[in-house]
Structures are given as C-alpha cells and as structure tokens.
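Coordinate analysis (summary)
This is what each chain is made of:
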Amino acid sequence: MTQVGHVTARALLRRLAVEQAECRVPSLTAAIVRDGRTVWFGGRGRVGDGPPTAATQYRLGSITKSMVAVVVLRLRDEGVLDLNDRLDAHLPGAPHGHLTIAQLLSHTAGLTAEPPTAWWERTQGVPAGDLLKRLGPEEVKHRPGRRFHYSNVGFALLGELVARLRGGTWWDAVRGEVLAPLGMDDTTPRPRAPHATGYAVHPWADVVLAEPEHDADAMGPAGQLWSTPHDLARWAAFLGGDTGGVLCPTTLAEMREPVGVDDGDSWTGGFGLGLQLARVGGRRLAGHSGSMPGFLATVWADAAEGVGVLFMANTTSGLSGRLLTDLLDILDEHEPRLPDEWRPVPADPDLLALTGLWHWGPKPYALRLLPDRGLALEPLNGIGRSSRFVPQDDGTWLGLDGYYAGETLRVAPDHLDLNTFIFTREPYDPAAPVPGGVTGWHA
C-alpha cells in the first residue's frame, strides 16, 4: 500500500508512533491519499493480538453526517427537494418544520446540540417517532440563520427526511447510493470483526476502561457508522474530487463552500453543507471529525492539491490535534507535488480576440482565456474584484466565484456588460455605452 519513498514513509511512521506513545492511544491508524490512491498507511498499538491494519474497523462518529449529507444533495440534484425548502414541506407535522434543509445541513438552524434523552452516545437509542415528540420549542437555542451552532439533532431530522423521501431507512440510502458505488463495503452500522474496542484511558495511570456501544436508532445519522482505514481513504478521495459518479463535482464543490464559521472573524474553522472546513498553513481542507465513546476519527481533503489524510483511533480523548496537518507537512517536505506540465491548447479566435486589457471606469483589468472556453477577469494590480466565468448555451458567461459569483457576463464588440457594469478597452471609452455618459478627460 505504501507508494511514497522509504525516507518519507519512515518520517510519517515516526510521527504516528510519537502520537500513539505520547498520547497513550491503545491503537492508532493513519493514511494519506494522493490523486485518488492511498500512498501511505501506518498503524501502531494493538487490536487483539496484533497491530491494527487497513481492514480494522473503528467507529466513525460524526463523519457519518457527511455521508448522510451527500444523499440530501443527491435528492436536491434530482429535483426532489430544494435546499431552501422548509422541513415540513417533506416531513408534514415535524417539530420545528419552519427550519430549512440548508440550515440543518450547515448547523445554522439554531437547534440544540444534543437530543432531550439520556446521554445518547452511551445509551440505547429511541425510535424516530419518540424523538420527534420530544423536540419541543425549548430545543431551539438561537434564531435560525443567526449563527453556527453544531446540532446532532439536526442530522437526526435529516436522516428521517432521507428515510421518508427514499421509502426506506437512512442507512439503506447511504449504503445503496454512496457506499456501495464507492466500494466502501466495510462501512457498517454496527461493528464486524476485526474491529477495535473503544477505550477510555485513565488520565493519571496507564489503565483503560471499555466504553459502551449501542444502536443510536433515531440519532444514528449523527454518528452511527463504523468503517476501516481502507474505506475512509476512499472517502478522502471522494471529498477531494474523485466522486465516482455518486455526486456531481460542482455539487461537491458547493458542499465545501463556507456557510458558517465557529471561531471568530478571521476564521480557521467553519462548516459548509454537511462538511467541516479548516484553513491551516495555507491549505483549505474539507472533511469531518468524529467522536464517540472510545473512538476518535478525522478525515480531511485538500481538493486543490489532490491530497487527503485521515486517522482512526480507539480512545475517548487525548490526541494532540496536530497529527493530520503534521503528516501533510511531512509529505510536502519530502515529496512535494510537481506542478502539471504546461501545454498549449487550441483557442477560439473570437475568444482570443477578447483577451487583454479592459477597464472598469479608470481601473485596468486583464481578461484571460481559460480551458474549455472559460474566462478570468482580474484587476492588474491584484486588488479588487476578480472572478472566473464559464460559457452558457445562450452565449453569455456565468460567474463562478468572487463578487460576481452567479452573475452574468455579456460580451459586445466594444464593451463587456457584467451585471450592468460596463468594461471598455479604453478608460471610459466614449464610443461604448457607459451609463451616465462620458464628458471627456481634461486637466
């Protein structure tokens, strides 16, 4: 499974070994994915009589949420629902039915974090009907849309939504629509051999305590699943863009867009649609962490670099929080990615003639031609609004990002019309239809 060099593999394994020893983890596994393939796997500690392997199951915890979210986005892409739909449009009579599907996916609905039951992670779950009856008005903690507030309850509601719309269980939908097509056959709702036992490690002594494991029932969509490093590596590849036909790449990119942040103005952590987001050391990561009694797991993907990283451990707490970014740093240090070779590509002569200098009033911009007839409009000094555009069937271009995301660019021989803003070849060209007219330059 290892495809990195010997020196790189040794450095990665040493970092994993330090984490397992210093954090006192009964067993710890990690893997790195590059360009859709697992290039390194490591395991330390013991599961039963031997070391953990890529086939050893651990509990995923909240990574389950991201898989449920993919089914919800599939329903949106099929036209079955809209993310702005109220919950009760599809679950008539559901408590808090005024909340939107997008708010539930992004943890901005304002719902309580935990269900009004016993400590759900450590006790037998309750059926969906029972849970829904318990969700009274007091379970709303914030005005919907006001702020990010992580809610396990919200994903229980999304799981019931999936079950109703698919006519089965949430697990049936996740298995049939997500896991099976990706070849993730060792991801299951309950453990199968070989699997790690979940432990709590005593804070002041080198002894462990076995943690309980139950069927979470209605709360299952929030954290029920078990998986292996092998399967989670496939999930890392999926998050990085190797969707295997399960989801449209543009929809996956939409899931990675930040909706809410959870750590202040200059955010380093946030949430998209069912995915956690992080900005670390110049990287933009998307994935999810997971925590259940006796287990911790996290998977991240850097779509821009085509790399993913994960760990799975059977401990309730105690990891450093730096393992995965350290592994990525080691990979970058020892085997940095080579840039793709530049090669010339054919260009439409009409589009080629559009490239070059344009002006938004007096401010100069450059229009560049991108692959597949795309366009990029950027200020020459790098300060200001820039966006990429993709061609549409009606001859216009649609903005992909930045200030002009979703806006329309129209091209005429003497000007560009970008959502009413007129760009001209010369600053305020009097021959172009500049709104308000042009009086001419003067001293």
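A quick note: this is a predicted structure, and the numbers were derived from the prediction, not measured. (Residues numbered from 1 in each chain as written. Predicted model: local features only at pLDDT ≥ 70, side-chain atom pairs only at ≥ 80, totals over all residues. Heavy atoms only, no water.)

**Notes on the environment of A222**
Positionally, A222 belongs in the loop between strand 5 (208-210) and strand 6 (226-227). Judged by relative accessible area, A222 falls into the buried class, the value being 1%. In this structure the C-alpha to C-alpha distance between A222 and G159, which are 63 residues apart in sequence, comes to 8.2 Å. The contact partners of A222, leaving out residues within four places of it in the chain, are G61, S62, T64, K65, W120, N152 and F155. (Helix = DSSP H or I, 4+ residues; strand = E, 2+ residues; numbered from the N terminus. Buried < 20%, exposed > 50% of the residue type's maximum accessible area, 1.4 Å probe, protein only. Contact = heavy atoms within 4.5 Å.)

**Looking at helix 6 (residues 170-182)**
For helix 6, spanning 13 residues, the distance from its first C-alpha to its last is 17 Å, which sits close to the expected 18 Å at 1.5 Å a residue. The largest bend along helix 6 measures about 35° and falls at G176. Buried residues of helix 6: W170, W171, A173, V174, E177, V178, L179 and L182, and no others. Of the residues flanking the end of helix 6, it is G183, one or two places downstream, whose phi is positive at about 75°. (Expected span 1.5 Å × (residues − 1). Bend = angle between axes of the 7 residues up to and from the residue.)

**Things to note about the sheet that holds strand 9 (residues 276-280)**
Read from one edge to the other, the open sheet built from eight strands follows the order 2-1-12-11-10-9-8-7, with strand pairing classed as antiparallel. Edge positions in the open sheet fall to strand 2 (37-45) and strand 7 (260-261), since each of these has one partner strand only. With eight bridges connecting them, strand 1 (residues 27-34) and strand 2 associate as antiparallel partners. Each residue of the ladder has a partner; that of I32, found in strand 2, is W40. Strands strand 1 and strand 2 of the sheet are contacted by helix 1 (residues 6-22), whose axis makes an angle of about 35° with strand 2. Here helix 9 (residues 323-334) sits on the sheet and contacts strand 1, strand 2, strand 9, strand 10 (283-292), strand 11 (295-302) and strand 12 (307-313); the angle it forms with strand 12, its principal contact strand, is near 140°. (Pairing = 2+ DSSP bridges. Axes fitted to C-alpha atoms, helices over the stretch in contact; angles between N-to-C directions.)

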